[in-house]
Amino acid sequence: MNAPLHAVSGLGGDATSGRVATGALDTTHGAVLYLEDITVSFDGFKALDGLSLSIDVGELRCVIGPNGAGKTTMMDVITGKTRADRGSAFFGQTIDLARLSEAEIAHAGIGRKFQKPTVFEQHTVFENLELAMKADKRVRRTLFARLASEEHDRIAAMLALIRLADAADRVAGLLSHGQKQWLEIGMLLMQEPRLLLLDEPVAGMSDEETERTAELFLSLAGKHSLVVVEHDMAFVGKIARKVTVLHEGSVLAEGQMEQVQNDARVIEVYLGR
Amino acid sequence: MNVGPISSTITRLYGPRGWIAIGVCAALLFVVVPLLNLAVPAGNPLYVSAYWVTLIGKIMCYAIVAIAMDLVWGYTGILSLGHGLFFALGGYAFGMYLMRQIGADGQYRVNMPDFMVFLDWKAFPWQWWNSDQFWWAMLLVVLVPGLLALVFGYFAFRSRIKGVYFSIITQALTFAAMLLFFRNNTGFGGNNGFTDFKRILGFPITTPVTRMVLFAITGAALIGTLLLARAIVTSKTGRVLTAIRDAEARVMFCGYNTLHYKLFVWTLSAVLCGIAGALYVPQVGIINPSEMSPANSIEIAIWVAVGGRGTLVGAIVGAFVVNGAKSFFTQAFPEYWLYVLGASFILVTLFLPQGLVGLARRWRGRVSAPAATRVASAEGAGAFRAAGS
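So, here's what we can say about the structure. (Residues numbered from 1 in each chain as written. Chains lettered and ligands numbered in written order. Predicted model: local features only at pLDDT ≥ 70, side-chain atom pairs only at ≥ 80, totals over all residues.)

**Remarks on the nonpolar core**
Residues and elements named next belong to chain B.
Then step 1. Core analysis: the biggest nonpolar cluster contains 179 residues, and Ala63, Ile64, Val65, Ala66 and Ile67 have the highest contact counts within it.
Then step 2. If one sorts the elements of this core by residue count, helix α2 (residues 50-75) sits on top with 17 residues.
Then step 3. With sequence-adjacent residues up to four places away left out, Ile67 is seen in contact with Thr225, Leu226, Ala229, Leu272, Leu312, Ala315 and Ile316. (Core = buried A, V, L, I, M, F, W, Y, C linked by C-beta atoms within 7 Å. Buried ≥ 20, exposed ≤ 12 C-beta atoms within 10 Å, placed from the backbone. Helix = DSSP H or I, 4+ residues; strand = E, 2+ residues; numbered from the N terminus. Contact = placed C-beta atoms within 7 Å.)

What follows is the structure, encoded as structure tokens:
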């Protein structure tokens, strides 16, 4: 990794530059995210069933599990897209995610990458990063916003990091699938989040791109907390420190990669197939 | 660190050519047409008759509405099929003032609008409070459409009503308002609406000079609307709006409260329509509930689709082309007009997803185009696609 990471991904100090002051993130107990007994059901089907999980500050956690295990629903609950029927979700000690809207959660410091890469296809790569950049995002401020040279430099540094400097003026819809994935990761980092949720970040990437993504994530861990949902076991094996296996909406196993891989129940529901 | 060529986004209003074009239009509207109408004798071949002044003035009002529509539809992806309501409300708000200016010169020689005398009303209903004041009328022109749009938009956008569902609700809204305004009890002249205006600010309303002043004010309003809309779409807010159109969820997860952005552009659009309606009524001389008919609002969307969504200039072009064709056909072949309108909409939808402006740009072969041309280009599908997705 030759790009200067520190220039673009320093820890965002306050999380209150948005519309609503959500209070500072309090991580004195070492955890950045607590999920406790989360249950979500759709028409009687329990997508999440008493899920409890906690993510430490600076941790890189991989979440795996068969289709329908509730991985994406878990991200929906954390980011405010879906409300839990039961249980609590806290960001740090004090921020109750159930009370905040999607935009407020984003401001509090949680960034999310979708399963299907979602970038602004009609905007240029540069504009995509500009829109994502941490700023006062209220209408009135945005209306008169001018790009400061320091902000310009931050976008330039991010373009270098995600290796899209030559494509800065290209419309994002024309990028390859892997490039879109990288652009979306770049957009997340521009928000300076404390916690990144990454849903299948290497889907559709070439081997080389996957390799570089692994390097990137490993370099981000420590400065940010990351939750990576991924099916590509080779990729998980490369980056995993601690792995959580979901099955039918709750945690089946948790621990080091080898430990989880040798767990009989895990082999039965997932790895063995 | 060398990061290669990085350019910023378009932030300027218009390039030199754009400003020259605007300057030429301004000269035509403020100098050439007034001279040819007022100073050239009627028999001269260069004479511009009152018919043309009124027609162009009217279409300029429509062009303001079309720009307002383009802001919400072309740029933000919200297809309104009820913009005729905001236009009509602005027209009614100003029409009340014009009715009061008639004074005692109506049929019944009483200082009250004829329809009230006819209905045997003894006093003005509450809606008419202060309606003889010009400043109050101006205020209503902006506030009534603006507040209605704000309240309606708040509930619709907060409930995350989108696409075709939103369009249908706006149709229902304008239809409901039309039925309300048809009733005599509503206090706005029932199905006859307001007409027979005599004066505006004390000046007789039908004289050539008054007509020309209204024409020039409308022209100034149109140019002002274009520049305002252009300033918005080239700002960061404009980029957020198009981002909402293309991937609203991503915009929310970026930390933008999309409700506020949609409310902003939606309410602004309604206010612009109200102003256009207020300029329209004194020039055309009548306002009645048929302005709120669902078909009128659909026609607004057709102007924008024909001219080219997401281009602003296309909205003006569309308003002039469609309404120019309308005044030609309704005189020459009145029975065929609706077929022509429908056919042109289908043809544009199928073959010109970027409208006439897109076609012109393609002919000029400008491939590496500025932000505006990118709009709606990649889709290539129907005109309703942006709203329906």
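More follows now that the structure is in view.
**Focus: the interface of chain A and chain B**
Then step 1. Listed by partner, the interface residues are 35 residues for chain A and 30 residues for chain B.
Then step 2. Counting only elements with at least two residues in the side of chain A that touches chain B, the list comes to α2 (102-108), α3 (125-132), α4 (139-143) and α5 (149-161) of chain A.
Then step 3. The dominant element in the side of chain A that touches chain B, judged by the number of residues it contributes, is α3 of chain A, at five residues.
Then step 4. Its residues assigned to classes, the side of chain A that touches chain B comprises 17 nonpolar, nine polar and nine charged. (Nonpolar A, V, L, I, M, F, W, Y, C, P; charged D, E, K, R; others polar.)

**Examining the sheet that holds strand β2 (residues 45-56) of chain A**
All names here are of chain A.
Then step 1. Spatially, the four strands line up as an open sheet ordered β2-β1-β4-β5, and their pairing is antiparallel. The strands lining the two open edges of the sheet, one partner per strand, are β2 and β5 (95-96).
Then step 2. In this sheet, β5 lies alongside strand β4 (residues 86-91) in antiparallel orientation, the contact comprising two bridges. Paired with Phe90 across the strands is Asp96, a residue of β5.
Then step 3. Where helix α1 (residues 71-79) meets the sheet, its contacts fall on β1 (31-42), β2 and β4, and the angle it forms with β2 comes to roughly 65°. (Pairing = 2+ DSSP bridges. Axes fitted to C-alpha atoms, helices over the stretch in contact; angles between N-to-C directions.)

**Side note on the sheet that holds strand β8 (residues 225-229) of chain A**
Residues and elements named next belong to chain A.
Then step 1. Strand order in the open sheet formed by six strands is β6-β7-β8-β3-β9-β10, and the pairing between neighbours is mixed. On the outer flanks of this sheet lie β6 (110-113) and β10 (250-255), each paired with one strand and no other. Strand after strand, the sheet turns through a mean of 20° between neighbouring axes, direction not considered.
Then step 2. Of the pairings in the sheet, the one linking β6 to strand β7 (residues 195-199) comprises four bridges and is parallel in character. Directly across from Lys113, in β7, lies its bridge partner Leu198.
Then step 3. Each of β3 (60-64), β6, β7, β8 and β9 (242-247) is contacted by α1, which is oriented at about 150° to β7, the strand it contacts most.

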